[in-house]
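# Secondary and tertiary structure notes
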Amino acid sequence: MTWILGGLLRLASLILFFVIGLFPAHSAAMSLYRVGDEIQGESYNDVFKTWMKRSFSIWVGVETSGTEQLVFEGDTGLGEAQVTQNYTVENVERLERILNTAIEWSSIAKKNRADTSKALGCFSNHHDSICEAYGQPSHQNQMGLRFSSGSEGQQARLIIEMIDQNNQFKKATINFASSDVSSLLKNLRQLPAAMKKAKDASSKQDLFRFP
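Residues numbered from 1 in each chain as written. Predicted model: local features only at pLDDT ≥ 70, side-chain atom pairs only at ≥ 80, totals over all residues. Heavy atoms only, no water.

### A word on the overall build of the protein chain
The secondary structure content of the protein chain amounts to five helices and eight strands. Secondary structure elements of the protein chain, listed N to C terminal, follow the sequence α-β-β-β-β-α-β-α-β-β-β-α-α. A buried classification covers 42% of the 211 residues belonging to the protein chain. Considering only intrachain contacts with a sequence separation of at least 6, the fraction spanning at least 24 residues in the protein chain is 55%. Accessible surface for the protein chain amounts to roughly 12200 Å². Of this, 54% is attributable to carbon and sulfur atoms. (Helix = DSSP H or I, 4+ residues; strand = E, 2+ residues; numbered from the N terminus. Buried < 20%, exposed > 50% of the residue type's maximum accessible area, 1.4 Å probe, protein only. Contact = heavy atoms within 4.5 Å. Areas by Shrake-Rupley, 256 points an atom, 1.4 Å probe, with all protein chains shown as cover.)

See below:
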């Protein structure tokens, strides 16, 4: 009976993920421009008991109100989860600092054969002590980041976990090696160019009016 119950639970999970995937994440009305390339990480699938490739990307856009937005998008396996934050110098610098710390800690872990699990930060519309303390989101539109190393420091990774801005059941947890984190840092250098495109597009929206 136990294996039958387990099978039914896995089937229910698959159905739930399928239904969730029918409703894609979306941002407020604005044109989004991707910053650099998609970065490939990995996510462990509990249903199939295997690691699967998952993409992560950063986008920028300007809302009709003029608010500049920074959008993080992670592959859930059945659609994308999006987390939207204000595009500010503080948020950009904080993300850059977190990524640099993850690379530094990866080197320390491997050199000293040290295992650890530490929170790196949280991106959220409001202060969340749990997300900040553990690097794990607990509400919609949150992204937590944490560092983990195992096998005596030889398996070091940055873990990004997201809960979609519009759907609490759409979640993405993606693991990145040091080389992937370096690629994310390179993408950050392209933020100004991507935001310029977004601003140019936003400035021309008044050209399109109903007669």
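### Some words on the environment of glycine 153
Residue placement: glycine 153 occurs in the loop between strand S6 (142-150) and strand S7 (155-163). A relative accessible area of 0% places glycine 153 in the buried class. A sequence separation of 39 residues divides glycine 153 from alanine 114, and the C-alpha atoms of the two residues are 4.6 Å apart. Setting aside residues no more than four positions away along its own chain, glycine 153 makes contact with Ala109, Lys110, Arg113, Ala114 and Asp115.

### Things to note about the state of the cysteines
In total, this model carries one disulfide according to the counting rule given. A disulfide bridge connects cysteine 122 with cysteine 131, and the sulfur atoms are separated by 2.1 Å. With the S-S bond torsion at 95°, the cross-link from cysteine 122 to cysteine 131 turns out right-handed. The exposure classification of cysteine 122 matches that of cysteine 131, with both residues buried. (Disulfide = S-S within 2.5 Å.)

### Re helix H4 (residues 178-188)
Within H4 the residues assigned to the buried category are Asp180, Val181, Leu184, Leu185, Asn187 and Leu188. Seen end-on, H4 carries its buried residues on one side only, within an arc spanning 155°. Turned more than 90 degrees away from the buried face of H4, the exposed residues are Ser179 and Lys186. In this structure, the buried residues of H4 make contact with strand S1 (32-45), strand S2 (50-62), helix H2 (89-112), S7, strand S8 (171-176) and helix H5 (191-203). (Arc of directions from axis to C-beta.)

### Description of the side chain of arginine 54
Turning to its location among the elements, arginine 54 is positioned in strand S2. Nearest to the buried, unbridged arginine 54 among oppositely charged side chains is aspartate 75, at 4.4 Å. (Lys, Arg positive; Asp, Glu negative; His and termini not counted. Salt bridge = Lys/Arg side-chain N within 4 Å of Asp/Glu carboxyl O.)

### Quick notes on the pattern of salt bridges
Tallied over the entire structure, the rule returns four salt bridges. Between glutamate 152 and arginine 113 there is a salt bridge, and its shortest N-O distance comes to 2.8 Å. Taken together, the positions of glutamate 152 in the loop between S6 and S7 and arginine 113 in the loop between H2 and strand S5 (116-123) put the pair 39 residues apart, joining distant regions of the chain. Across the pair lysine 196 and aspartate 200 runs a salt bridge whose closest N-O atoms are separated by 3.2 Å. Pair noted here: lysine 196 and aspartate 200 are both in helix H5, with a separation of four residues, about one helical turn.

### Some details on the packing of aromatic side chains
On inspection of all chains with the given rule, the structure shows five aromatic pairs. A ring pair is formed by phenylalanine 56 and phenylalanine 72, whose centres lie 6.4 Å apart and whose planes are at 15°; its orientation type is stacked. In this pair, phenylalanine 56 sits in strand S2 while phenylalanine 72 sits in strand S3 (residues 68-75), placing the two residues 16 residues apart along the sequence. Both residues of the pair, phenylalanine 56 and phenylalanine 72, belong to the buried class. Taking 5.8 Å as the distance between ring centres and 70° as the angle between the ring planes, the aromatic pair formed by phenylalanine 56 and phenylalanine 176 counts as edge-to-face. Remark: phenylalanine 176 occurs in strand S8 and phenylalanine 56 occurs in strand S2; sequence separation between them is 120 residues. Residue phenylalanine 56 is classed as buried on the basis of its relative accessible area of 2%. Aromatic rings pair up to connect Phe56, Phe72, Phe123 and Phe176 into one cluster. Sitting above the plane of the phenylalanine 123 ring, arginine 94 keeps its charged end 4.1 Å from the centroid. (Phe/Tyr/Trp six-rings, centres within 6.5 Å; stacked < 30°, edge-to-face > 60°. Lys NZ or Arg CZ within 6 Å of the ring centre and 35° of its normal.)

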